[in-house]
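Each chain, letter by letter, is given below.
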Amino acid sequence: MTQPTTTATTTAPSAEQGANLHWQRNLAVCMFGSFTTIIAMTLLLPFLPLYVEQLGVKDHAAIVQWSGAAYGATFLSAALVAPLWGRLADRYGRKPMLIRASLGMAVAMALIGVAGNVWQLVGLRLLAGLLGGYASGSMVLVATQTPKDRTGWALGTMSSAIMAGNLVGPLVGGALPPLIGIRATFFAAGAIIFVAFLATAFLIREERKAPAARKQGSDNSEQTGWAAVPDKRPLVAMLFTGMLLMLANMSIEPIITVYVATLVEDPNRVTIMAGLVMSAAALGSILSASRLGKLADRVGHWNVIVGCLAVSALLLVPQAFVTSGWQLVVLRFLMGLSLGGLLPCIASVIRHNVPERVAGNMLGYSTSAQYTGQVAGPLLGGFVGGHIGMRAVFLGTCVLMAAGAAWNWLAKRR
């Protein structure tokens, strides 16, 4: 009985020391790779309908439908394969998965630039989701390679890079095509991701488990996936919270321009104000993610999750009753500040409540849950806004966020 305890005690410090040697460089490379890949995934938003039209679709309604299908295809396929990539990362290492994702996305983005018809565009967007997953894989690597007392801060910094990519991507997509053309924009995106592939391959140093510790863990190797998690309640709570976060972020996307049009008198300012509203939440999250992650390392990740959800629920109420566009911009910015701490805290809670040998698999499920919210949010927001009213979207999301805060508070107590 004493020998396994001694072995675990002697191997754990060495793993922690190994993480201390390289974790900051790993974090920097993962931030760069996540930032560039997210830009590549989102830069086509401003010109996607134009590209669909270039590929031969002329009917206005068909252009809208094909654009939606092409954009959503990547997130759908990514949600389906995220747990698989997480499981393979647990088995073969996280760095090989990042190399696969960066190289695969570089190739997929270049191929999108040579698509010959709209079917090929949708198929290649599906391929990008299947081969991708760099940002979620980076979260897994950073979560498992960073010293536990710095996990919240590191994951918060990672979240800032990911959200910065979401913010910069549409801006790049609006600026590059007039200068170099739509197809050349995809080639440029593929080239930047290839640089991320080279940085990942040559700069990241992953510390693998020591042989003695691996041998010790092999006694329970038959338990994989969900069966390896002794207490599944924290994991289930985090899956729900991740889905809720993305649903809350995306629920107003279908109605935002129409809602802003009711607040702005000058029709020429509607699109500008709508863009500011969309960017405000992302900017707030970028500014707060690392700070809230650092706070979570000090006061507890569950406490920050409950607080962020509760504050977000409160901020949604006045958004339903604003009288000017600038009021909505300010409230969305404040909401972004409150939501910025959720992603790093979700990953931290999962890491601390599942065995290390299945951490990647469970974080993959978390990514799938977030993609589910990202797909369901616009659908739900569009349905509620069209059939009940736009204010109901904000108030309904408020109820969901408050319910999430209550559930996490109860889960924490238990």
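Analysis parameters
- Residues numbered from 1 in each chain as written.
- Predicted model: local features only at pLDDT ≥ 70, side-chain atom pairs only at ≥ 80, totals over all residues.
- Heavy atoms only, no water.
- Helix = DSSP H or I, 4+ residues; strand = E, 2+ residues; numbered from the N terminus.
- Buried < 20%, exposed > 50% of the residue type's maximum accessible area, 1.4 Å probe, protein only.
- Areas by Shrake-Rupley, 256 points an atom, 1.4 Å probe, with all protein chains shown as cover.
- Patch = residues over 30% accessible without salt bridge, like charges linked within 9 Å, V, L, I, M, F, W, Y side chains within 5 Å.
- Salt bridge = Lys/Arg side-chain N within 4 Å of Asp/Glu carboxyl O.
- Expected span 1.5 Å × (residues − 1).
- Phe/Tyr/Trp six-rings, centres within 6.5 Å; stacked < 30°, edge-to-face > 60°.
- Lys NZ or Arg CZ within 6 Å of the ring centre and 35° of its normal.
- Contact = heavy atoms within 4.5 Å.
- pLDDT = per-residue confidence, 0-100.
- Core = buried A, V, L, I, M, F, W, Y, C linked by side-chain atoms within 4.5 Å.
- Polar contact = N/O pair within 3.5 Å; in protein donor to acceptor, adjacent residues only side chain to side chain.

**Some details on the overall build of the protein**
Turning to step 1, where the next piece is worked out: The helix and strand tally for the protein stands at 17 helices and zero strands.
Turning to step 2, where the next piece is worked out: Across the 414 residues of the protein, 53% fall into the buried class.
Turning to step 3, where the next piece is worked out: In the structure as shown, the protein presents an accessible area of about 18,200 Å², 67% of it carried by carbon and sulfur atoms.

**Considerations on a nonpolar patch on the surface**
Turning to step 1, where the next piece is worked out: Together, Leu103, Val107, Leu111, Val114, Phe187, Phe194, Leu198, Phe202 and Leu203 make up an exposed nonpolar region whose accessible area comes to about 770 Å².
Turning to step 2, where the next piece is worked out: With five residues, helix H8 (residues 182-203) is the single largest residue contributor to the nonpolar patch.
Turning to step 3, where the next piece is worked out: Following the sequence through the fold, valine 107 ends up in helix H4 (residues 94-112).

**A short note on helix H15 (residues 342-353)**
Turning to step 1, where the next piece is worked out: An ideal rise of 1.5 Å per residue puts 16 Å on twelve residues; H15 measures up with 16 Å between its terminal C-alpha atoms.
Turning to step 2, where the next piece is worked out: Where burial is concerned, most of H15 is hidden: ten out of the twelve residues are buried.

**What about the environment of leucine 171?**
Turning to step 1, where the next piece is worked out: Along the chain, leucine 171 falls in helix H7 (residues 151-180).
Turning to step 2, where the next piece is worked out: You can call leucine 171 exposed: its relative accessible area is 59%.
Turning to step 3, where the next piece is worked out: Through-space distance from the C-alpha of leucine 171 to that of threonine 42 is 9.4 Å; in sequence the pair is 129 residues apart.

**Points about the packing of aromatic side chains**
Turning to step 1, where the next piece is worked out: Under the defined criterion, the tally for this structure stands at six aromatic pairs.
Turning to step 2, where the next piece is worked out: Ring geometry for tryptophan 66 versus tryptophan 119: centroids 4.9 Å apart, planes at 75 degrees, classification edge-to-face. Here tryptophan 119 lies in helix H5 (residues 118-131) and tryptophan 66 lies in helix H3 (residues 60-92), a separation of 53 residues in the sequence.
Turning to step 3, where the next piece is worked out: The lysine or arginine in question, arginine 100, covers the ring of tryptophan 85, its NZ or CZ lying 3.6 Å from the ring centre.

**Quick look at the side chain of serine 338**
Turning to step 1, where the next piece is worked out: Relative to the assigned elements, serine 338 resides in helix H14 (residues 325-339).
Turning to step 2, where the next piece is worked out: The contacts of serine 338, once residues within four sequence positions are left out, are Leu292, Cys308, Val311, Ser312 and Leu315.

**Observations regarding the confidence of the model for the protein**
Turning to step 1, where the next piece is worked out: The predicted model of the protein averages 80 in pLDDT, with 90% of residues at 70 or higher.
Turning to step 2, where the next piece is worked out: The lowest-confidence element of the protein is helix H9 (residues 211-217), averaging 44 in pLDDT; the highest-confidence one is H4, averaging 93.
Turning to step 3, where the next piece is worked out: Note on residues 1-20: pLDDT under 50 across the span, and 14 contacts to partners over four residues away in sequence or across chains.

**A word on the nonpolar core**
Turning to step 1, where the next piece is worked out: Met238, Val260, Leu328, Leu342, Ile350 and Met401 are the most contacted members of the largest nonpolar core, which has 79 residues in total.
Turning to step 2, where the next piece is worked out: Look past the residues within four positions of leucine 328 in its chain and what remains in contact with it is Ile256, Tyr259, Val260, Leu263, Val277, Gln319 and Val322.
Turning to step 3, where the next piece is worked out: Grouped together as the second largest cluster of nonpolar side chains are 28 residues, Leu43, Tyr51, Val57 and Met105 included.

**A closer look at the side chain of glutamate 206**
Turning to step 1, where the next piece is worked out: By secondary structure assignment, the location of glutamate 206 is in the loop between H8 and H9.
Turning to step 2, where the next piece is worked out: Polar contacts involving the side chain of glutamate 206 include one to the main-chain amide nitrogen of arginine 94, which spans 3.0 Å.
Turning to step 3, where the next piece is worked out: Polar side-chain contacts of glutamate 206 include one of 2.9 Å to the backbone nitrogen of lysine 95.
Turning to step 4, where the next piece is worked out: If sequence neighbours within four positions are ignored, glutamate 206 has contacts with Gly93, Arg94, Lys95, Pro96 and Gln145.

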